[in-house]
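As a plain string of letters, each chain reads:
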Amino acid sequence: MPELPEVETTKRGLEPVILNKTIKAVTVNRRDLRTPIPRTFEKTVSGQKITALRRRAKYILIDLANGKSILVHLGMSGSMRIVKPNKYKALKHDHVIFEMHDHAVVFHDPRRFGIIDVLTTATTEKHPLFAHLAPEPLSSDFNAAYLQEALARRNGPIKPVIMNQEVVVGVGNIYASESLFLAGIHPQTPAKHVVSRTPQLVKAIQKTLRAAIDSGGSTLRDFVHSDGATGYFQHRFNVYEREGEPCVACGREIIHMVQAGRASYFCATCQPNKNIAKKPRISKA
């Protein structure tokens, strides 16, 4: 599933091409995505100028001049591709096509777990999809003091906790494993035992996400950029999907286990289960 870096990469790829452009027409080839595309969708967005692009958690918001916003979630396999409409032949899973003067944006989603919807821009944060969301991990609101309070009464293991969208948004499975490695924290450590380590964990999460965004995200299966290119961060994984391979820091084999139905990867030497006072190997930069 595309995570925060992949969604941010998609938004950044779309922005210079479609910002301040007018949507001439919309073609909906299939409405039965995770939630049905409204019957009024085409009428609401056609003829509207795009005034801003935003990302909230794993959602892209495309603000329109009429006070509405197009909501996009890439689901498990979705992508937003920029194409030349006069040279493009629609593919089987191209569910929505937005036409502008010289470009078109194609929402492609083979598994149909994505979302295309419309909402009122001014009340975005009150929408049911957003009302419960925690701070953005790259914002000033996500800091050691906030995370200490969020973890203090949680007994569950730290990895599922930092993947909880009510604790911090956008830290999916890949980046949770990578962040915990950088911070030197075992993924099974009870969250409340990590309170004293929150400065290191915040820094590790932010460093991991920034590096992934700079690399254009991770392409493991379906994800591609708006121009069709793949991400590169998967070539920089320290632990994720590296079971049995040597740790980049100590040489010990990377271990795989399942937590809350999701794969976790870690190094037992660099991320000891009991010695939670071990210093992380994260730079100050």
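Reading the values: rules and limits
Residues numbered from 1 in each chain as written. Predicted model: local features only at pLDDT ≥ 70, side-chain atom pairs only at ≥ 80, totals over all residues. Heavy atoms only, no water. Helix = DSSP H or I, 4+ residues; strand = E, 2+ residues; numbered from the N terminus. Contact = heavy atoms within 4.5 Å. Phe/Tyr/Trp six-rings, centres within 6.5 Å; stacked < 30°, edge-to-face > 60°. Buried < 20%, exposed > 50% of the residue type's maximum accessible area, 1.4 Å probe, protein only. Salt bridge = Lys/Arg side-chain N within 4 Å of Asp/Glu carboxyl O. Pairing = 2+ DSSP bridges. Axes fitted to C-alpha atoms, helices over the stretch in contact; angles between N-to-C directions. Core = buried A, V, L, I, M, F, W, Y, C linked by side-chain atoms within 4.5 Å. pLDDT = per-residue confidence, 0-100. Polar contact = N/O pair within 3.5 Å; in protein donor to acceptor, adjacent residues only side chain to side chain. Arc of directions from axis to C-beta.

(A) Region of interest: the environment of Ile162. Relative to the helices and strands, Ile162 resides in helix α4 (residues 158-162). Separated by 29 residues in sequence, Ile162 and Ala191 place their C-alpha atoms 8.8 Å apart. Contacts of Ile162, omitting those with residues within four sequence positions, involve Val168, Val171, Ala176, Leu180 and Leu201.

(B) Fine view of the packing of aromatic side chains. Under the defined criterion, the tally for this structure stands at five aromatic pairs. Between the aromatic rings of Phe41 and Phe98, the centroid separation amounts to 6.1 Å while the plane-to-plane angle is 70°, which identifies the pairing as edge-to-face. Taken as a pair, Phe41 in helix α2 (residues 41-45) and Phe98 in strand β6 (residues 94-99) lie far apart in primary sequence, 57 residues in all. Among the residues examined, Phe41 registers a relative accessible area of 0% and is labelled buried. Judged by its relative accessible area of 3%, Phe98 is buried.

(C) Representation of the pattern of salt bridges within the structure. Evaluated as defined, the whole model comprises 11 salt bridges. A salt bridge links Arg112 to Asp32; its shortest N-O distance comes to 3.6 Å. Taken as a pair, Arg112 in the loop between β7 (104-108) and β8 (115-120) and Asp32 in the loop between β1 (25-28) and α2 lie far apart in primary sequence, 80 residues in all. Since its relative accessible area comes to 27%, Arg112 is described here as partly exposed. Among the charged side chains, a network of salt bridges with common partners joins Glu8, Lys11, Arg12, Arg55, Arg56, Glu125 and Glu136.

(D) Focus on the sheet that holds β8. Strands sit in the order β2-β3-β4-β8 across an open sheet of four strands; the sheet is antiparallel. Two strands close off the open sheet at either side, each with one partner strand: β2 (50-56) and β8. Across the sheet, the mean angle separating the axes of adjacent strands is 20° when strand polarity is ignored. Bridge count between strand β3 (residues 59-64) and strand β4 (residues 68-73): five bridges; the pairing is antiparallel. Looking at the pairing, Leu61 lines up with Leu71 of β4.

(E) Region of the structure containing the nonpolar core. Within the largest apolar cluster, 35 residues are counted, with the highest numbers of intra-cluster contacts made by Leu147, Leu151, Ile158, Ile162, Val171, Ile185 and Leu201. Excluding residues that lie within four positions of it along the chain, Leu151 makes contacts with Ile158, Val161, Ala191, Lys192, Val194, Val195 and Thr198. Core analysis: the second largest hydrophobic core is formed by 26 residues, Val26, Val28, Leu64 and Phe98 among them.

(F) Molecular detail of the sheet that holds β1. Strands sit in the order β1-β6-β7-β5 across an open sheet of four strands; the sheet is antiparallel. Among the strands making up the open sheet, the edge pair consists of β1 and β5 (79-83). With strand direction ignored, the average angle separating the axes of adjacent strands in the sheet is 15°. Those strands touched by helix α1 (residues 4-18) are β5 and β7, and its axis lies near 30° from that of β5.

(G) Layout of the confidence of the model for the protein. Across the protein, pLDDT averages 89, with 89% of residues at or above 70. pLDDT under 50 marks residues 219-226. Its contacts with residues more than four places away, or in other chains, come to 34 contacts.

(H) Just the side chain of His103, in detail. Assignment of secondary structure puts His103 in the loop between β6 and β7. Among the polar contacts made by the side chain of His103, one reaches the side chain of Asp102 at a distance of 3.0 Å. Those residues within four positions of His103 in sequence are excluded, and the remaining contacts are Val17, Ile82, Val83, Lys84, Pro85 and Phe98.

(I) Region of interest: helix α3 (residues 144-151). What α3 keeps buried is the set Ala144, Leu147, Ala150 and Leu151. Viewed end-on, α3 has its buried residues packed into an arc of 125°, placing them on one side of the element. Opposite the buried face of α3, by more than 90 degrees, sit the exposed residues Ala145 and Glu149. Those residues of α3 hidden inside the fold are in contact with α4 and α6 (198-214). For α3, the N-terminal capping position is held by Asn143, with its side-chain oxygen 3.3 Å away from the main-chain nitrogen of Ala145.

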